[in-house]
Amino acid sequence: MSKFISGLAADLDAMLAYREALGFSKLSHEPSLMNFDRYAASAHPDAGSLSKEIVLGWINEQLEKSRGGLAAKATSIRIFGKYLSAVGKQAYILPEEYVSQPKAFTPYIFTDDELSRLFYAADRLSKTSADPSVVKIAPVLLRLIYTCGLRPNEGRELLKKNINFKTGEIFITKTKRKKDRIVVMSEDMLGFARKYDAVRNAFAGASEYFFSRQDGQAYTALQIERIFKKCWAGANPGIAAEKLPNVRVYDLRHRFASAVLNRWLDE
């Protein structure tokens, strides 16, 4: 059953289904388009096409409410207009200037020494944290993301049932393009995972997540970034935080990829 109620409901469903077939998640644009759909149903109940009047009317209404999330909404309605045009329907395509372009982030490639210091710092996180389980989780989670080339969400949302502790195989789900895959841990990483699993029940209980907060839920992206930044600062004592290179958890995946490419070149 469609979640949309306006005269554009069928087209909205068709576009999301098309993007999902390409491997994109519906959740990227569905919330914004549902907001637009409610506006269209109320302000233009008889409309059967995406007109300039409807699009700009909705955008102006969002501006009056708040600028928060406006870029995401503008992006969604622009993509909808481009889709309709591509399938041969008349539609107004919101100009690109309405969509703020995100600043390009240059990946930081860690050196071997920096990685060693980073993991050393993770192993020695303070136990005075508001969440004591962090000291057990951080050393394993960060190593797993790096050694297996995982996206940060693939690591923090990893389900325990998807780990084979005998073979080291990990079944990765909820991927960027909805293409499940299997990765295999190295012997060293498998050893880390087994030791961690032996103590996780003390704070994770029956949680389905391998890296669980005390409430049983997965850590958020922001929480993991904060933990990572704390480890990065600990790996570089004596250097003010504002003077350190700006790094993200995702840079561990970039470092993994560069190491693999260099190994292929050597071979």
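Up top you'll find the structure we're talking about.
Below, the structure is looked at part by part. Nothing here was measured: the structure is a model prediction, and the numbers come from that model. (Residues numbered from 1 in each chain as written. Predicted model: local features only at pLDDT ≥ 70, side-chain atom pairs only at ≥ 80, totals over all residues. Heavy atoms only, no water.)

### Focus on the overall build of the protein chain
In step 1: In terms of helices and strands, the protein chain carries 10 helices and two strands.
In step 2: Written out in order from the N terminus, the α and β elements of the protein chain read α-α-α-α-α-α-α-β-β-α-α-α.
In step 3: Evaluated residue by residue, the protein chain yields a buried proportion of 42% over its 267 residues.
In step 4: Taking the intrachain contacts of the protein chain between residues at least 6 apart in sequence as the baseline, contacts between residues at least 24 apart amount to 60%.
In step 5: Split by element, the accessible area of the protein chain, about 15,100 Å² in all, is 53% carbon and sulfur. (Helix = DSSP H or I, 4+ residues; strand = E, 2+ residues; numbered from the N terminus. Buried < 20%, exposed > 50% of the residue type's maximum accessible area, 1.4 Å probe, protein only. Contact = heavy atoms within 4.5 Å. Areas by Shrake-Rupley, 256 points an atom, 1.4 Å probe, with all protein chains shown as cover.)

### Focus: the pairing of strand β1 (residues 169-172)
In step 1: The side-chain alternation of β1 yields one buried face, formed by I170 and I172, and one unburied face, formed by E169 and F171.
In step 2: Pairing geometry for β1 and strand β2 (residues 181-184), over four bridges, is antiparallel. Considered in β2, the bridge of I170 is made with V183. (Pairing = 2+ DSSP bridges.)

### Let's talk about the nonpolar core
In step 1: Core analysis: the biggest nonpolar cluster contains 44 residues, and L144, M185, F211 and L252 have the highest contact counts within it.
In step 2: Looking at this core, the elements that each hand over two or more residues are α5 (112-123), α6 (134-148), β1, α8 (187-204) and α9 (221-234).
In step 3: Among the elements that make up this core, the one with the highest residue count is α6 (11 residues).
In step 4: Filtering out sequence-adjacent residues up to four positions away, M185 remains in contact with L144, C148, I163, G168, I170, L190 and A193.
In step 5: F36, L70, Y83 and L84 belong to the second largest nonpolar core, which has 25 residues in total. (Core = buried A, V, L, I, M, F, W, Y, C linked by side-chain atoms within 4.5 Å.)

### Points about helix α1 (residues 9-21)
For the α-helix, the turn length of 3.6 residues means that residues three or four positions removed from each other point alike.
In step 1: Taking 1.5 Å of rise per residue, the 13 residues of α1 would be expected to cover 18 Å, and the 18 Å separating its terminal C-alpha atoms lies within 8% of that figure.
In step 2: The complete set of buried residues in α1 reads A9, D11, L12, M15, L16 and R19.
In step 3: Buried residues along α1 sit against α2 (30-43) and α4 (70-86).
In step 4: Backbone geometry just downstream of α1 places G23 in the positive-phi region, at approximately 110°. (Expected span 1.5 Å × (residues − 1).)

### Digging into the side chain of Q62
In step 1: By the element assignment, Q62 lies in helix α3 (residues 52-65).
In step 2: Look at Q62 and you get buried, because its relative accessible area is 2%.
In step 3: Contact partners of Q62, with chain neighbours within four places excluded, come to N35, L70 and K73.

### A short note on the packing of aromatic side chains
When we look at a pair of aromatic rings, we describe it by the centre distance and by the angle of the planes.
In step 1: The final tally for this structure, using the stated rule, is 12 aromatic pairs.
In step 2: Between the aromatic rings of F36 and W58, the centroid separation amounts to 5.4 Å while the plane-to-plane angle is 75°, which identifies the pairing as edge-to-face. Of this pair, F36 sits in helix α2 while W58 sits in helix α3; the two residues are 22 residues apart in sequence, bridging distant segments of the chain. By the burial criterion, F36 is buried, and W58 matches it. (Phe/Tyr/Trp six-rings, centres within 6.5 Å; stacked < 30°, edge-to-face > 60°.)

### Thoughts on the pattern of salt bridges
A side chain with one charge can pair with a side chain of the opposite charge if their charged atoms come near.
In step 1: Following the criterion strictly, the structure yields 14 salt bridges and no others.
In step 2: A salt bridge links D251 to R248, with the shortest nitrogen-to-oxygen separation between them at 3.5 Å.
In step 3: Its relative accessible area of 24% is what places R248 among the partly exposed residues.
In step 4: Several salt bridges share partner residues, and in doing so they unite R151, E154 and R181 into one network. (Salt bridge = Lys/Arg side-chain N within 4 Å of Asp/Glu carboxyl O.)

Everything listed here is a matter of geometry and, on its own, says nothing about what the molecule does.
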